[in-house]
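A closer look at the structure
Next come the chains, spelled out residue by residue.
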Amino acid sequence: QKEVEQNSGPLSVPEGAIASLNCTYSDRGSQSFFWYRQYSGKSPELIMFIYSNGDKEDGRFTAQLNKASQYVSLLIRDSQPSDSATYLCASRDNYGQNFVFGPGTRLSVLP
Amino acid sequence: ETGVTQSPTHLIKTRGQQVTLRCSSQSGHNTVSWYQQALGQGPQFIFQYYREEENGRGNFPPRFSGLQFPNYSSELNVNALELDDSALYLCASSSERSGGGGSYEQYFGPGTRLTVT
């Protein structure tokens, strides 16, 4: 059973702080990893994806991937109350058929 | 806005009935994947359609079926509805290549909220 695990939270951080969201995956065949943000009652919105070991930065967001440890993380710098949402981590293999989501981590940014 | 549309937005059905949900993919995308998201959980993969063929399936019974049309739009059909089928149904479009190695990113539509009573 291919699984993606996340701490369900809630993770609470003060406004302006760095929020760190973590994710582990079980399938070593997973090739690429995605972070989605989902506001309550809405559909998931793609934030960024990563498929090479190391860091990938996009604005206030940095994704980190360590395939040896089967670990993915998302850092949100200068967190804003509008970042309060559930963050979903997902993995997929190179053939695109196995797209596995974690349960999501609920982030709350306190003003 | 992702350019992926779904209809209807909300639907209420009775146990045992059948339902059809529709999805139009983003322009330039040839692949549609369907997901079921129960409250408080991550999306669960139902199946994927690539160039009108089913291209992978999750752990869902055969009463969940689908179609993809030449314009890459798609339908999800669920027969013999059960109470546990109540969920948000999401479709996601992407651009894939035969043999893998496509653009990888999937973009979600707004979803259809199905309630089975």
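Before going into details, it helps to say that this report is about the structure given with it. (Residues numbered from 1 in each chain as written. Chains lettered and ligands numbered in written order. Predicted model: local features only at pLDDT ≥ 70, side-chain atom pairs only at ≥ 80, totals over all residues. Heavy atoms only, no water.)

Observations regarding the overall build of chain A
To keep it simple, the criterion reads: Numbering of helices and strands runs from the N terminus; a helix is a DSSP stretch of H or I covering at least four residues, while a strand is a stretch of E covering at least two. Here the radius of gyration uses the C-alpha set of atoms, whereas the globule reference equals 2.2 Å times the residue count to the power 0.38. Here the term buried applies to any residue with accessible area under 20% of the maximum for its type, exposed to any over 50%, and partly exposed to those in between, with areas from a 1.4 Å probe on protein chains only. Any two residues whose heavy atoms approach within 4.5 Å are treated as being in contact.
Counting secondary structure elements, chain A contains 0 helices and 11 strands. Along its sequence from the N terminus, chain A presents helices and strands in the succession β-β-β-β-β-β-β-β-β-β-β. Relative to the compact-globule value of 13 Å for 111 residues, chain A shows a C-alpha radius of gyration of 13 Å, a close match. Dimensions of chain A, computed from C-alpha atoms along their principal axes, come out at roughly 40 × 30 × 20 Å. In chain A, which comprises 111 residues, the proportion classed as buried is 46%. When contacts within chain A are restricted to residue pairs at least 6 apart in sequence, those whose partners lie at least 24 apart make up 55%.

Some points on the state of the cysteines
Residues and elements named next belong to chain B. Applied cut-off: We call a pair of cysteine sulfur atoms a disulfide when they lie within 2.5 Å.
Enumeration over the complete set of coordinates arrives at 2 disulfides over all chains. Here Cys 23 pairs with Cys 91 through a disulfide, and the sulfurs are 1.9 Å apart. With the S-S dihedral at roughly 60°, the linkage between Cys 23 and Cys 91 falls on the right-handed side. Residue Cys 23 is located in strand S3 (residues 19–24), and its partner Cys 91 is located in strand S9 (residues 87–94); the two are separated by 68 residues in the primary sequence. For Cys 91, a relative accessible area of 0% translates into the label buried.

Section: the pairing of S3(B)
Selection rule: Each pair of strands is called paired provided DSSP finds at least two bridges between the two strands.
Examined bridge by bridge, strand S1 (residues 5–7) of chain B and S3(B) share 3 bridges and lie antiparallel to one another. Paired with B:Ser7 across the strands is B:Arg22, a residue of S3(B).

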